[in-house]
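Below, each chain spelled out in residue letters.
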Amino acid sequence: RGFTLGADTRALRAHELARFQLQLDFSRLCLMGELPASLGELELCELSLGRNSLEGPVPDFVFQTSLKVLDLGGNAFTRLPGAVGGMRECTTLDLSENLFETLPQTLSRLTHLKLLNVEMLKVRDPPMAVLEEGVAALRAHYTRLEEQTGGEEGRRVRITLVGDPRAGRTSLARTLARGKTTLT
(Lines give C-alpha, C1' and ligand atoms only; values in the text may rest on other atoms or scores of the structure.)
Protein backbone atom coordinates (compact mmCIF):
# COMPACT_ATOMS: atom_id res chain seq x y z
CA ARG A 1 0.00 0.00 0.00
CA GLY A 2 1.21 3.49 -0.76
CA PHE A 3 1.94 6.31 1.63
CA THR A 4 2.46 10.02 1.04
CA LEU A 5 4.34 12.22 3.49
CA GLY A 6 2.36 15.33 4.32
CA ALA A 7 2.02 17.89 7.10
CA ASP A 8 0.02 15.50 9.29
CA THR A 9 2.68 12.76 9.16
CA ARG A 10 5.84 14.71 9.97
CA ALA A 11 5.90 13.39 13.54
CA LEU A 12 6.24 9.77 12.41
CA ARG A 13 9.65 8.21 12.99
CA ALA A 14 11.55 6.06 10.50
CA HIS A 15 10.79 2.83 12.42
CA GLU A 16 7.07 3.65 12.35
CA LEU A 17 7.25 4.16 8.59
CA ALA A 18 8.94 0.79 8.01
CA ARG A 19 5.60 -1.02 7.76
CA PHE A 20 4.65 1.05 4.70
CA GLN A 21 5.91 0.61 1.14
CA LEU A 22 7.51 4.05 0.89
CA GLN A 23 7.83 5.71 -2.48
CA LEU A 24 9.65 9.05 -2.46
CA ASP A 25 9.56 11.20 -5.57
CA PHE A 26 12.04 14.06 -5.41
CA SER A 27 12.32 14.37 -9.17
CA ARG A 28 12.39 17.78 -10.86
CA LEU A 29 12.61 19.73 -7.59
CA CYS A 30 15.82 21.61 -8.46
CA LEU A 31 17.68 19.82 -5.67
CA MET A 32 21.39 20.66 -5.58
CA GLY A 33 24.51 19.36 -3.87
CA GLU A 34 24.67 16.06 -2.00
CA LEU A 35 21.96 13.88 -0.48
CA PRO A 36 21.30 14.01 3.28
CA ALA A 37 22.35 10.86 5.17
CA SER A 38 18.98 10.80 6.98
CA LEU A 39 17.44 9.54 3.74
CA GLY A 40 19.14 6.22 4.45
CA GLU A 41 17.06 5.77 7.62
CA LEU A 42 13.90 5.14 5.61
CA GLU A 43 13.11 1.75 4.12
CA LEU A 44 12.04 2.60 0.60
CA CYS A 45 10.66 0.56 -2.26
CA GLU A 46 10.96 3.42 -4.79
CA LEU A 47 13.21 6.47 -4.83
CA SER A 48 13.16 9.01 -7.61
CA LEU A 49 15.87 11.67 -7.61
CA GLY A 50 15.75 12.27 -11.35
CA ARG A 51 16.19 15.57 -13.16
CA ASN A 52 17.80 17.58 -10.37
CA SER A 53 21.32 18.97 -9.92
CA LEU A 54 22.66 16.41 -7.46
CA GLU A 55 26.40 15.83 -7.78
CA GLY A 56 29.38 13.86 -6.58
CA PRO A 57 29.43 10.13 -5.87
CA VAL A 58 26.11 8.47 -5.15
CA PRO A 59 26.14 7.77 -1.38
CA ASP A 60 26.14 4.09 -0.32
CA PHE A 61 23.03 4.53 1.85
CA VAL A 62 20.90 5.04 -1.28
CA PHE A 63 21.30 1.37 -2.25
CA GLN A 64 18.85 -0.30 0.10
CA THR A 65 17.99 -3.97 -0.31
CA SER A 66 14.27 -3.11 -0.36
CA LEU A 67 14.49 -0.74 -3.35
CA LYS A 68 12.67 -1.95 -6.43
CA VAL A 69 12.89 1.27 -8.45
CA LEU A 70 15.75 3.80 -8.32
CA ASP A 71 15.84 6.83 -10.58
CA LEU A 72 19.14 8.75 -10.51
CA GLY A 73 18.81 10.05 -14.09
CA GLY A 74 19.48 13.62 -15.15
CA ASN A 75 21.88 14.66 -12.39
CA ALA A 76 25.63 15.20 -12.15
CA PHE A 77 26.57 12.07 -10.21
CA THR A 78 30.19 11.11 -10.88
CA ARG A 79 30.60 7.67 -9.30
CA LEU A 80 28.33 4.69 -8.79
CA PRO A 81 29.73 2.65 -5.87
CA GLY A 82 29.80 -1.12 -5.65
CA ALA A 83 27.02 -0.93 -3.03
CA VAL A 84 24.59 -0.78 -5.97
CA GLY A 85 24.85 -4.57 -6.05
CA GLY A 86 23.10 -4.76 -2.69
CA MET A 87 19.72 -3.79 -4.14
CA ARG A 88 18.59 -7.42 -4.45
CA GLU A 89 14.96 -6.53 -5.31
CA CYS A 90 15.68 -3.81 -7.87
CA THR A 91 13.77 -4.15 -11.14
CA THR A 92 14.30 -0.66 -12.58
CA LEU A 93 17.48 1.44 -12.45
CA ASP A 94 17.81 4.78 -14.26
CA LEU A 95 21.41 6.00 -14.52
CA SER A 96 20.88 8.16 -17.62
CA GLU A 97 22.38 11.60 -18.16
CA ASN A 98 24.99 11.47 -15.40
CA LEU A 99 28.78 11.81 -15.38
CA PHE A 100 29.72 8.19 -14.62
CA GLU A 101 32.89 7.03 -16.38
CA THR A 102 32.67 3.45 -15.17
CA LEU A 103 29.98 1.22 -13.71
CA PRO A 104 30.82 -1.37 -11.04
CA GLN A 105 30.79 -5.11 -11.71
CA THR A 106 28.36 -5.48 -8.81
CA LEU A 107 25.59 -4.41 -11.20
CA SER A 108 25.56 -8.06 -12.28
CA ARG A 109 24.21 -8.97 -8.81
CA LEU A 110 20.90 -7.26 -9.59
CA THR A 111 19.21 -10.50 -10.61
CA HIS A 112 15.70 -9.00 -10.75
CA LEU A 113 16.76 -6.04 -12.91
CA LYS A 114 14.55 -5.72 -15.99
CA LEU A 115 15.14 -2.11 -17.05
CA LEU A 116 18.51 -0.35 -17.00
CA ASN A 117 18.41 3.14 -18.51
CA VAL A 118 21.87 4.29 -19.62
CA GLU A 119 20.88 6.90 -22.19
CA MET A 120 23.35 9.73 -22.73
CA LEU A 121 26.06 8.20 -20.55
CA LYS A 122 29.68 8.37 -21.66
CA VAL A 123 30.84 5.27 -19.84
CA ARG A 124 34.18 3.67 -20.72
CA ASP A 125 33.69 0.49 -18.75
CA PRO A 126 31.68 -1.54 -19.46
CA PRO A 127 31.68 -0.57 -23.14
CA MET A 128 28.59 1.34 -24.28
CA ALA A 129 27.98 -1.34 -26.94
CA VAL A 130 27.43 -3.85 -24.12
CA LEU A 131 25.15 -1.50 -22.18
CA GLU A 132 23.06 -0.75 -25.24
CA GLU A 133 22.39 -4.48 -25.70
CA GLY A 134 20.60 -4.66 -22.36
CA VAL A 135 20.74 -6.29 -18.96
CA ALA A 136 21.47 -9.83 -20.20
CA ALA A 137 24.48 -8.61 -22.23
CA LEU A 138 25.77 -6.68 -19.21
CA ARG A 139 25.56 -9.79 -17.01
CA ALA A 140 27.34 -11.85 -19.67
CA HIS A 141 30.07 -9.21 -19.96
CA TYR A 142 30.71 -9.19 -16.21
CA THR A 143 30.62 -13.00 -16.05
CA ARG A 144 33.35 -13.13 -18.72
CA LEU A 145 35.39 -10.54 -16.82
CA GLU A 146 35.11 -12.51 -13.58
CA GLU A 147 36.25 -15.67 -15.34
CA GLN A 148 39.23 -13.84 -16.86
CA THR A 149 40.28 -12.06 -13.67
CA GLY A 150 39.47 -14.80 -11.15
CA GLY A 151 36.69 -12.74 -9.57
CA GLU A 152 38.74 -9.60 -9.06
CA GLU A 153 37.38 -6.42 -10.58
CA GLY A 154 39.60 -5.69 -13.57
CA ARG A 155 40.79 -2.42 -15.01
CA ARG A 156 41.16 -1.60 -18.67
CA VAL A 157 44.12 0.25 -20.05
CA ARG A 158 44.32 1.84 -23.47
CA ILE A 159 47.79 1.88 -24.99
CA THR A 160 48.63 3.83 -28.10
CA LEU A 161 51.74 2.61 -29.85
CA VAL A 162 53.48 5.25 -31.95
CA GLY A 163 56.52 5.07 -34.13
CA ASP A 164 57.83 3.54 -37.29
CA PRO A 165 55.43 0.84 -38.56
CA ARG A 166 58.39 -1.49 -39.07
CA ALA A 167 59.57 -1.13 -35.46
CA GLY A 168 57.64 -4.09 -34.01
CA ARG A 169 54.44 -2.35 -32.95
CA THR A 170 52.26 -5.10 -34.42
CA SER A 171 54.16 -7.84 -32.57
CA LEU A 172 53.92 -5.92 -29.32
CA ALA A 173 50.18 -5.31 -29.83
CA ARG A 174 49.61 -9.04 -30.52
CA THR A 175 51.59 -10.00 -27.42
CA LEU A 176 49.58 -7.64 -25.24
CA ALA A 177 46.25 -8.81 -26.69
CA ARG A 178 47.02 -12.53 -26.33
CA GLY A 179 48.72 -12.29 -22.98
CA LYS A 180 51.68 -14.38 -24.13
CA THR A 181 54.81 -13.61 -26.05
CA THR A 182 55.14 -14.43 -29.73
CA LEU A 183 58.31 -14.57 -31.73
CA THR A 184 58.37 -12.76 -35.07
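Because the structure is a prediction, the values reported are computed rather than measured.

About the cut-offs
- Residues numbered from 1 in each chain as written.
- Predicted model: local features only at pLDDT ≥ 70, side-chain atom pairs only at ≥ 80, totals over all residues.
- Heavy atoms only, no water.
- Salt bridge = Lys/Arg side-chain N within 4 Å of Asp/Glu carboxyl O.
- Helix = DSSP H or I, 4+ residues; strand = E, 2+ residues; numbered from the N terminus.
- Buried < 20%, exposed > 50% of the residue type's maximum accessible area, 1.4 Å probe, protein only.
- Contact = heavy atoms within 4.5 Å.
- Expected span 1.5 Å × (residues − 1).
- Arc of directions from axis to C-beta.
- Pairing = 2+ DSSP bridges.
- Axes fitted to C-alpha atoms, helices over the stretch in contact; angles between N-to-C directions.

**Points about the pattern of salt bridges**
Turning to step 1, where the next piece is worked out: Tallying each qualifying case throughout the model produces four salt bridges.
Turning to step 2, where the next piece is worked out: In this structure, R51 engages D71 in a salt bridge whose closest nitrogen and oxygen atoms are separated by 4.0 Å. Taken together, the residues span a long stretch of sequence, with R51 in the loop between β3 (44-48) and β4 (53-57) and D71 in strand β5 (residues 69-71) at a distance of 20 residues.
Turning to step 3, where the next piece is worked out: With relative accessibility at 27%, the residue R51 sits in the partly exposed group.

**Here's the deal with the environment of K114**
Turning to step 1, where the next piece is worked out: Residue placement: K114 occurs in the loop between β7 (92-94) and β8 (115-117).
Turning to step 2, where the next piece is worked out: With 21 residues separating them along the chain, K114 and V135 place their C-alpha atoms 6.9 Å apart.
Turning to step 3, where the next piece is worked out: In this view, K114 contacts T91 and V135; residues no more than four positions away in its chain are not counted.

**Some remarks on helix α3 (residues 135-149)**
Turning to step 1, where the next piece is worked out: For α3, with 15 residues, the first-to-last C-alpha span of 21 Å sits near the 21 Å given by 1.5 Å per residue.
Turning to step 2, where the next piece is worked out: Every buried residue of α3 is listed here: V135, A137, L138, H141, Y142 and L145. Projected onto a plane normal to the axis of α3, the buried residues spread over an arc of 160 degrees and lie on a single side. Across from the buried face of α3, at angles greater than 90 degrees, the exposed residues are A136 and E147.
Turning to step 3, where the next piece is worked out: Of the residues flanking the end of α3, it is G150, one or two places downstream, whose phi is positive at about 70 degrees.

**Things to note about the sheet that holds strand β2 (residues 32-33)**
Turning to step 1, where the next piece is worked out: Read across the sheet, three strands follow the order β2-β4-β6 without closing on themselves; strand pairing throughout is parallel. Looking at strand neighbours, the two that pair on one side only are β2 and β6 (76-79), the edges of this open sheet.
Turning to step 2, where the next piece is worked out: Where β2 meets β4, two bridges bridge the pair, whose relative direction is parallel. Its bridge partner being in β4, G33 is matched across the sheet by L54.

**Comments concerning the sheet that holds β5**
Turning to step 1, where the next piece is worked out: Spatially, β1-β3-β5-β7-β8 is the arrangement adopted by the five strands of the open sheet, whose pairing is parallel. A single partner strand is all that each edge strand has here, and the edge strands are β1 (22-25) and β8. Within the sheet, the average angular offset between the axes of one strand and its neighbour, ignoring direction, is 10 degrees.
Turning to step 2, where the next piece is worked out: Looking at chain direction, β7 and β8 are connected through three bridges and run parallel. The residue of β8 that forms the bridge with D94 is N117.

**Focus: the environment of T111**
Turning to step 1, where the next piece is worked out: Looking at the element boundaries, T111 is found in the loop between β7 and β8.
Turning to step 2, where the next piece is worked out: When its relative accessible area of 53% is taken as the criterion, T111 is described as exposed.
Turning to step 3, where the next piece is worked out: Distance from T111 to R139, taken between C-alpha atoms, is 9.0 Å for residues 28 residues apart in sequence.

**Considering the side chain of S96**
Turning to step 1, where the next piece is worked out: Inspection of the secondary structure assignment puts S96 in the loop between β7 and β8.
Turning to step 2, where the next piece is worked out: Looking at S96, the relative accessible area reads 1%, which means it is buried.
Turning to step 3, where the next piece is worked out: Apart from the residues within four sequence positions on either side, S96 is in contact with R51, L72, G73, G74, N117, V118, E119 and L121.

**Observations regarding the pairing of β1**
Turning to step 1, where the next piece is worked out: Only one face of β1 is covered, namely the face carrying L22 and L24; the face carrying Q23 and D25 is uncovered.
Turning to step 2, where the next piece is worked out: Sheet topology places β1 next to β3; four bridges connect them, and they run parallel. Bridging across to β3, Q23 finds its partner in E46.

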